[in-house]
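Topology and contacts: notes
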Amino acid sequence: MIMKPGLTALFALGLGAQGASANCKAPPQKYELVDLGDIIEDQAESRAVAIDERSRIVLQTAPKGIGQKAAEYLVERNGKAAPIENPDEIAIRETTRLIGNRMRLAKYTLLQEGFLPARATTLIDRKGGEIDVKDFCKVDGGTDWEVKSFAISNNADHAVALFETENGYAVATCAFEEAASVLFDTTDEIEIAGINNSGEIGGMLASRGELFLWRWSDDGRVTSALPDDLLNAEVSGIDSDGRVFAMATGTVVNPAIYLTENDDLAPVTTLPGDGWDVNWVTVGPCGTVFGQATYTNFAAFVQLPEEEKARMRADFAKFWQYALERESALFVWSPGDRNGRFLGSVAREARDWSDMKITAINEDGVAIGYADNAIGETRAIKLVPVKD
C-alpha cells in the first residue's frame, strides 16, 4: 500500500460529488500549433503527456547530458511552469492523466537491488498524498479479487475497476474509503475503455469468437457485435455522450469504429477515399479524434475485376511497386463529420513537423503531444482551436 497522511480530505473533495458532463462546443475548423519545447530550458527533448479541463499540462523532459534524470513539470494555462513534486524519491513516477482538483494518475515503479521491479498505478493528490488504485478499489467482505485495470473520469468524480474473480471478471465502481460497488460480472474476456464525467463506462468484450463494444449507464449494459470481417480490435476510449471508440484489424483495411449514443456501430471515416489503415487514435471527451492513417492500394486492388488482378500479378515488378505505394497522414475527425480532415489543412504549422503523436485532448478541444521539428528535436506541442 502506498499512502501518505492527509490523503483522506483531499480525495474526498476530488471523488464523490456528482459532476456534469463535458461542456462541448462545435468542432473547430482551424488550430494553431504551439511549440512548448522552450518552456523548460536546456532540455534535450520534451513531451506533453497530460492535460486537464483548465488546460494545465504535464510536460515530461529529458535534460541534456549523459546520466541526467528525466523530470516532469506542471505548466499553467499562462505558461508558468513548476516542477512536479512527488511524495518521495524512492520510486519513479510517470504521469499518465491529469484530472480534476490537480490530481494525477501515475505509473509507479520501485527499483531495488536484488528484487524484481515493483510496479503499480497510483493516484496522487495535489499535496502529495498517494494511493495504489488496488487499495483505492477494494471489495467488501475480504473477497480476494485482483484489480486488472482502472479508469477515472476527467473531473475525478467517477472511477471504475475491472476485477478478476474466481469465476471470471467483475466491473465495479470505486470511491475513496468505500467498498467497490459491483455493476455486473461475466465469464467473457472483457476490457474497460474508460469512464466519462456522467459515470458512463465503455469497453470491449470477447464471447464465443465474437467481439463486442459495450457501454454501461443507468439503464444497464448494451452491447453491439463488431463486423465479422474484423480480426481483432483495441478499445480506445469513451466520450461525454457515451460513444465508445475502437481500432480494429480488418481483412482489407484497419478501420476505426465506434458505438453510437443510439447503440449502433458507425465508422470513423478518417479521410476521404478507400484504403486508409488506421495506425493510432486519441479520443477527446467531446468525441474529437486525432490520429494517423496510412493509405495503401490494397483496398483498391481487391475491388478490381479478376482479369485485371491476374494481369497485375503476372507482372510481379509492377505489382510489387503498386503494392508498396503508401502514404501516411495525420487526421482530425469529429462526430457528424462525413470525413476526417488532413491535420495539415486545419493546422498549417503541422506540415513543418514529423513523427507527431497526440497524447491527450481536453474539453475545450486543446490537443497536446509531441513531434520532431525541422532539425530532428523531439518537442512538446499543443494544438489550440482558433475561433472563427
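Refer to the structure presented above.
Notes on the structure follow.

Brief notes about the overall build of the protein
- Tallying secondary structure elements over the protein gives six helices and 28 strands in all.
- The proportion of buried residues among the 388 residues of the protein is 49%.
- At a minimum sequence separation of 6, the contacts of the protein that also span at least 24 residues come to 48%.
- Of the roughly 19900 Å² of accessible surface on the protein, 47% is carried by carbon and sulfur atoms.

Description of empty space enclosed by the protein
- Overall, the coordinates contain one cavity of 30 Å³ or more when judged by the stated rule.
- Of the pockets and cavities examined, the largest cavity occupies roughly 50 Å³.
- As for the largest cavity, its lining consists of I51, D52, E53, L98, I99, N154, P285, I361, N362 and E363.
- Residue classes in the lining of the largest cavity are distributed as five nonpolar, two polar and three charged.

Here we look at the nonpolar core
- Ranked by internal contacts, the top residues of the largest apolar core, which has 21 residues, are L123, F136, C137, F150, I152 and F163.
- Among the elements of the structure, β7 (103–110), α2 (133–136), β10 (146–152), β11 (159–165) and β12 (168–175) are those that each provide at least two residues to this core.
- W280, A350, I358 and A371 belong to the second-largest nonpolar core, a separate cluster that totals 18 residues.

Notes on the sheet that holds strand β28 (residues 378–385)
- Judged by pairing direction, the sheet is antiparallel, and its four strands sit side by side in the order β1-β28-β27-β26 without closing on themselves. Two strands bound the open sheet, and with one partner strand each, they are β1 (31–35) and β26 (354–361). Averaged over all adjacent pairs, the angle separating strand axes in this sheet is 30°, with direction ignored.
- In this structure, strand β27 (residues 367–372) lies alongside β28, joined through six bridges in antiparallel fashion.

Comments concerning the pairing of β12
- The element β12 is largely enclosed, with a buried count of seven among its eight residues.
- Note: β11 against β12, seven bridges, orientation antiparallel. Its bridge partner lying in β12, V160 is registered against T173.
- The hairpin formed by β11 and β12 contains two residues between the paired strands.
- Pairing analysis gives six bridges linking β12 to strand β13 (residues 178–186), with the strands arranged antiparallel. From the neighbouring strand, A175 faces β13, where its bridge partner is E178.
- Here β12 folds back onto β13 in antiparallel fashion, the turn holding two residues, of which E177 has a positive phi close to 60°.

Thoughts on the pattern of salt bridges
- Under the definition given, this model contains 15 salt bridges.
- When the shortest N-O distance is used, the salt bridge between R93 and E130 registers 2.9 Å. With R93 in strand β6 (residues 92–99) and E130 in strand β9 (residues 130–132), this residue pair connects regions lying 37 residues apart in the sequence. Per residue, the accessibility class of R93 equals that of E130, and both read buried.

Some words on the pairing of strand β20 (residues 256–259)
- Neither face of β20 is open: one carries A256 and Y258, the other I257 and L259, and all of them are buried.
- Here four bridges tie strand β19 (residues 244–250) to β20, and the two strands are oriented antiparallel to one another. In the strand pairing of β20, A246 is matched with I257.
- Between the end of β19 and the start of β20, which pair antiparallel, lie five residues.
- Turn length for the β20-strand β21 (residues 265–267) hairpin, with the two strands adjacent in sequence and antiparallel, is five residues, and the turn residue D263 shows positive phi of about 75°.

What to know about the sheet that holds β10
- Taken in spatial order, the four strands of this open sheet run β10-β11-β12-β13, and their pairing is antiparallel. At either end of the open sheet lies a strand with only one pairing partner, and these are β10 and β13. For this sheet the average axis-to-axis angle between neighbouring strands, irrespective of direction, equals 25°.

Observations regarding the state of the cysteines
- This model, assessed by the stated rule, comprises two disulfides.
- The disulfide partner of C24 is C286, and the S-S distance across this bridge is 2.1 Å. Its S-S torsion of about -90° marks the bond between C24 and C286 as left-handed, since a negative value means left-handed. In this pair, C24 sits in the loop between α1 (7–14) and β1 while C286 sits in the loop between β22 (276–283) and β23 (289–295), placing the two residues 262 residues apart along the sequence.
- Exposure remark for C24: the relative accessible area of 34% places this residue in the partly exposed category.
- Each disulfide pairs two cysteine sulfurs, and for C137 the partner residue is C174, the sulfurs being separated by 2.1 Å. In this structure, the disulfide formed by C137 and C174 twists by about 120° around the S-S bond and is classed as right-handed. Pair noted here: C137 is in the loop between α2 and β10 and C174 is in strand β12, with a separation of 37 residues, a long-range link.
- For C174, a relative accessible area of 9% translates into the label buried.

So, how was this worked out
Residues numbered from 1 in each chain as written. Predicted model: local features only at pLDDT ≥ 70, side-chain atom pairs only at ≥ 80, totals over all residues. Heavy atoms only, no water. Helix = DSSP H or I, 4+ residues; strand = E, 2+ residues; numbered from the N terminus. Buried < 20%, exposed > 50% of the residue type's maximum accessible area, 1.4 Å probe, protein only. Contact = heavy atoms within 4.5 Å. Areas by Shrake-Rupley, 256 points an atom, 1.4 Å probe, with all protein chains shown as cover. 1 Å grid on protein atoms, 1.4 Å probe; cavity = no way out; pocket = protein on both sides within 12 Å on 5 of 7 lines; lining within 4 Å. Points joined across faces, edges and corners; volume = space filled by probe spheres on them. Nonpolar A, V, L, I, M, F, W, Y, C, P; charged D, E, K, R; others polar. Core = buried A, V, L, I, M, F, W, Y, C linked by side-chain atoms within 4.5 Å. Pairing = 2+ DSSP bridges. Axes fitted to C-alpha atoms, helices over the stretch in contact; angles between N-to-C directions. Salt bridge = Lys/Arg side-chain N within 4 Å of Asp/Glu carboxyl O. Disulfide = S-S within 2.5 Å.

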